[in-house]
Amino acid sequence: MLRHCPLLLAQDLHGRVYDGFISLQDKDFRLRIILPADLQLQNANIQCSWQLKKALQGYQQILRQRLQHSADLPSFMMELKTILEVALKNTNILQTAPAPQYYSCLLKDIEDLGWDKLSFVDTDFSTIQLKIEDSSGREHLVTLKLNSRYPNEAPECNVDFPIPFAVSWTPQSSLQNIHNQIVSTLESLKGFWDALDEIDKNTWVLEPEKPTRSATLRRIAIGNNSSITIDLDPRHPTMLPECYFLGADHVVNPLREKLNCNIHLWDPENGLLQNLKDVLEIEFPSRSHLEKADFSMDCGICYAYRLDSAIPDQVCDDPRCGQPFHQACLYEWLRGLPSSRQSFNVMYGECPYCNKPITLKLSNKKY
Ligand SMILES: [Zn+2]
Ligand SMILES: [Zn+2]
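Residues numbered from 1 in each chain as written. Chains lettered and ligands numbered in written order. Predicted model: local features only at pLDDT ≥ 70, side-chain atom pairs only at ≥ 80, totals over all residues. Heavy atoms only, no water.

## As for the domain arrangement of the protein
Here the protein is described as being made up of domain 1 (8-90), domain 2 (100-188), domain 3 (198-293) and domain 4 (298-361). Between the C-alpha centres of domain 1 and domain 3 the distance comes to 65 Å. (Domains from an automatic or database assignment.)

Right, here's the structure in full:
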């Protein structure tokens, strides 16, 4: 025993209680082993210090197995050492705490920046959250994860931007530099966010339900179970975004034509919303008169709106019906109809609501 674990000593004459340390990689972990009266190893009670417990997290099953199969305590201790060695490689428990200079440097950086710019700092000063307001009054939270080699290594920067953002950093940089870089990126995105804020405020955005600042897509209700999805380029927010329509042919085909014919009316000087109205020649349903439920119609087969993550995006083309369905629901429905037929990836059958012909173009994801 002494040979493998010189710091683990028997505490009684019967050799039932051992107390001390197991040493690995220049570090001592406190533990106490209590064997039952029959000295059966598999029923041993092993008490670990929190560091050891943390290091061995996830290895309990293996340890129990080794306890059962080890011939005696010394051979179990050998096994324990091997497991601990592997475990330590996979955790950062041995990662040394930052040097005192880390804190003095960081505190000075925070002083220079101003404590009021911080919305959060964790207890060991390794995660800092900055609160930055842009010139349109939008508040942005930026999370910085500092490693113990700060300021020699750049902090990891978590932002909610629609474009990639990487901090440019030298060992002479400070939090103020990061702050400045973020502020100038926020300014470059001002037009993008202004345009989408106007859309969010004045139209019924069906998706995403709670847009993040990085979201470039908006699906906007048009009415009659139809909607337009726009994908705005964050670097060119005044240009015509990508547009996709969703809805019955008789509603969306005229809109597609308008978009094609009126594209010359798009004027970067006007806002995104105004431009969309001008080229489509429509007014978007107003938020003050209508509820969101008026547009997000449930699937006519399963009576739900969301199915997994899918929305009812198949619409009956009959002008008097216009009932939306999930693609998966409509597929199952048509498959069960004796009169339906399939040609390549298109299914033909009848609408469950109005019995008029309906076609389903299968996207090749599930079928
Ligand atoms: Zn459904
Ligand atoms: Zn129908």
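Having put the structure on the table, let's press on.
## Comments concerning the coordination of the zinc ion (ligand 2)
Within the protein, the atoms that donate to the zinc ion (ligand 2) are Cys-316 (SG), Cys-321 (SG), Cys-351 (SG) and Cys-354 (SG), at distances of 2.3 to 2.4 Å. Coordination at the zinc ion (ligand 2) is tetrahedral, judged from the four donor atoms that bind it and the angles of 105 to 115° they form at the metal. Written as a sequence motif, the donor residues of the zinc ion (ligand 2) are C-x4-C-x29-C-x2-C. A relative accessible area of 0% means that Cys-316 is categorised as buried. (Donors = N, O, S within 2.8 Å, 3.2 Å for Na, K, Ca; no water. Tetrahedral: all angles 85-135°; square planar, octahedral: opposite > 155°, others 65-115°. Buried < 20%, exposed > 50% of the residue type's maximum accessible area, 1.4 Å probe, protein only.)

## Examining the coordination of the zinc ion (ligand 1)
Distances from the zinc ion (ligand 1) to its protein donors, namely Cys-299 (SG), Cys-302 (SG), His-326 (ND1) and Cys-329 (SG), fall within the range 2.1 to 2.4 Å. Relative to the metal, the four donor atoms surrounding the zinc ion (ligand 1) lie at angles of 98 to 115°, and the coordination shape comes out tetrahedral. Each donor residue of the zinc ion (ligand 1) lies on the same chain, and together they follow the pattern C-x2-C-x23-H-x2-C. One end of the pair, Cys-302, is in the loop between α8 (272-280) and β13 (314-315); the other, His-326, is in the loop between β14 (324-325) and α9 (327-335), with 24 residues separating them in the sequence. (Helix = DSSP H or I, 4+ residues; strand = E, 2+ residues; numbered from the N terminus.)

## What to know about the pairing of strand β5 (residues 118-121)
In summary, the side chains of a regular strand alternate between the two faces of the sheet. Sheet topology note: the β5/strand β6 (residues 127-133) ladder contains three bridges and is antiparallel. Opposite Val-121, over in β6, you have Ile-128 as the bridge partner. The hairpin formed by β5 and β6 contains five residues between the paired strands, and Phe-125 there has a positive phi angle of roughly 55°. (Pairing = 2+ DSSP bridges.)

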